[in-house]
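# Commentary on secondary and tertiary structure
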Protein chains: 2
Amino acid sequence: MLSDENTIFIGRKTVMDYVLACVTQLNSGVDEIVLKARGRSISRAVDVAEVLRSRFMKDLKVKDIKIGTEQIQAAEGGTANVSAIEITLSK
Amino acid sequence: MLSDENTIFIGRKTVMDYVLACVTQLNSGVDEIVLKARGRSISRAVDVAEVLRSRFMKDLKVKDIKIGTEQIQAAEGGTANVSAIEITLSK
């Protein structure tokens, strides 16, 4: 089981910000990281994984990809469903 | 190997448009479909898979998810890299 330390939450920063966060994490002795994203950030999570693998850490493998649905608190109250992705990358 | 008939390309239409296309395809006797998307449409492809599975075809399984990078012709000439996803859904 992976600890939260190995999880990178992909939000609204640039792809390169997250790529650098991943490189830092992987160079700190961790063998595996999990990219998590929801909604529109899902595309960015795939970008981060692809840029990381093609340009920075060519030995990195896509170990697993999961998709799912999460409930979030809507601004107007109540809940809304949002799609989510988890990409596990492994050395 | 899957024929192109079983492939749904996710672009800029609404999620529901693609969900209906998938339901139609799966009700025509096909056991498996592949959702393909690039760039920002990747998030929509995950939405389509999740809405389809949670609301319309609850026995549908995510059989495989692949991510990759494709080259596209840039408007200014030359090529640009774009992330891509393929989600295989199976009855």
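Above: the structure in question.
### Points about helix H1 (residues 15-27) of chain B
All names here are of chain B. With 13 residues, H1 should cover 18 Å at 1.5 Å per step; its first-to-last C-alpha distance of 18 Å lies within 8% of that length. Residues of H1 that are buried include every one of Tyr18, Val19, Cys22 and Leu26, and no others. The arc enclosing the buried residues of H1, seen along the axis, measures out at 105°, which places them on a common side. Across from the buried face of H1, at angles greater than 90 degrees, the exposed residues are Met16, Thr24 and Asn27. Where H1 is buried, its residues meet strand E1 (7-9), strand E2 (32-38) and helix H2 (41-56). Gly29 sits one or two positions beyond H1 and adopts a positive phi of about 105°.

### Structural notes on the interface of chain B and chain A
Chain B puts 15 residues into the contact, and the matching count from chain A is 15 residues. The element best represented in the side of chain B that touches chain A is H2 of chain B, accounting for seven residues.

### Some remarks on the packing of H1 of chain B against H2 of chain B
All names here are of chain B. Where H1 meets H2, the axes come as close as 9 Å, and the angle between the chain directions of the two elements is 60°. When the axes of H1 and H2 are compared, the pair comes out oblique. Crossing of H1 against H2: the hand is right-handed. In contact with Val15, Tyr18, Val19, Cys22 and Val23 of H1, H2 contributes Arg44, Asp47, Val48, Val51, Leu52 and Phe56.

### Looking at the relation of the copies chain B and chain A
Mapping chain B onto chain A calls for a rotation angle of 180° and an axial translation of 0.0 Å; the resulting RMSD is 0.0 Å. These values place the two chain copies in the arrangement generated by a two-fold rotation axis. Within chain B, the C-alpha atom positioned nearest to the axis of rotation is that of Ser43 of chain B, 2.7 Å from it.

### Quick notes on the nonpolar core
Across soluble globular proteins, nonpolar side chains have a tendency to be buried as a group. In terms of nonpolar packing, the biggest core is built from 44 residues, with Leu35 and Ala45 of chain A together with Ala45 of chain B touching the most fellow members. Excluding its chain neighbours within four sequence positions, the residues that come into contact with Ala45 of chain B are Ile10, Leu35, Ala37, Ile85 and Ile87 of chain B.

### Regarding the sheet that holds E2 of chain B
Residue and element names in this part refer to chain B. As summarised here, the arrangement of the four strands in space is E1-E2-E4-E3, forming an open sheet in which the pairing is mixed. With one partner strand each, in any of the chains shown, E1 and strand E3 (61-73) form the two edges of the open sheet. Strand-to-strand, the axes of this sheet are offset by a mean angle of 20°, without reference to chain direction. Summarising the sheet, E1 and E2 pair through three bridges and their orientation is parallel. Note that in E2 the partner of Phe9 across the bridge is Lys36. Sheet strands touched by H1: E1 and E2. Its angle to E1, the strand with the most contacts, is close to 170°. Across the sheet, H2 touches E2, E3 and strand E4 (79-90), and the angle it forms with E2 is around 155°.

### A word on the sheet that holds strand E2 (residues 32-38) of chain A
Residues and elements named next belong to chain A. The mixed open sheet is built from four strands, whose spatial order is E1-E2-E4-E3. Of all the strands in the sheet, the pair left with one neighbour each is strand E1 (7-9) and strand E3 (61-73). Neighbour-to-neighbour, the strand axes of the sheet open up by a mean angle of 20°, direction not taken into account. Helix-sheet contacts for helix H1 (residues 15-27) involve E1 and E2, and the interaxial angle to E1 is about 170°.

Procedures and definitions
Residues numbered from 1 in each chain as written. Chains lettered and ligands numbered in written order. Predicted model: local features only at pLDDT ≥ 70, side-chain atom pairs only at ≥ 80, totals over all residues. Helix = DSSP H or I, 4+ residues; strand = E, 2+ residues; numbered from the N terminus. Expected span 1.5 Å × (residues − 1). Buried ≥ 20, exposed ≤ 12 C-beta atoms within 10 Å, placed from the backbone. Arc of directions from axis to C-beta. Contact = placed C-beta atoms within 7 Å. Axes fitted to C-alpha atoms, helices over the stretch in contact; angles between N-to-C directions. Parallel < 35°, antiparallel > 145°, perpendicular 65-115°, else oblique. Left-handed = near helix turned anticlockwise from the far one by under 90°. Least-squares fit on C-alpha atoms with pLDDT ≥ 70 in both. Core = buried A, V, L, I, M, F, W, Y, C linked by C-beta atoms within 7 Å. Pairing = 2+ DSSP bridges.

None of this, on its own, says anything about what the molecule does.
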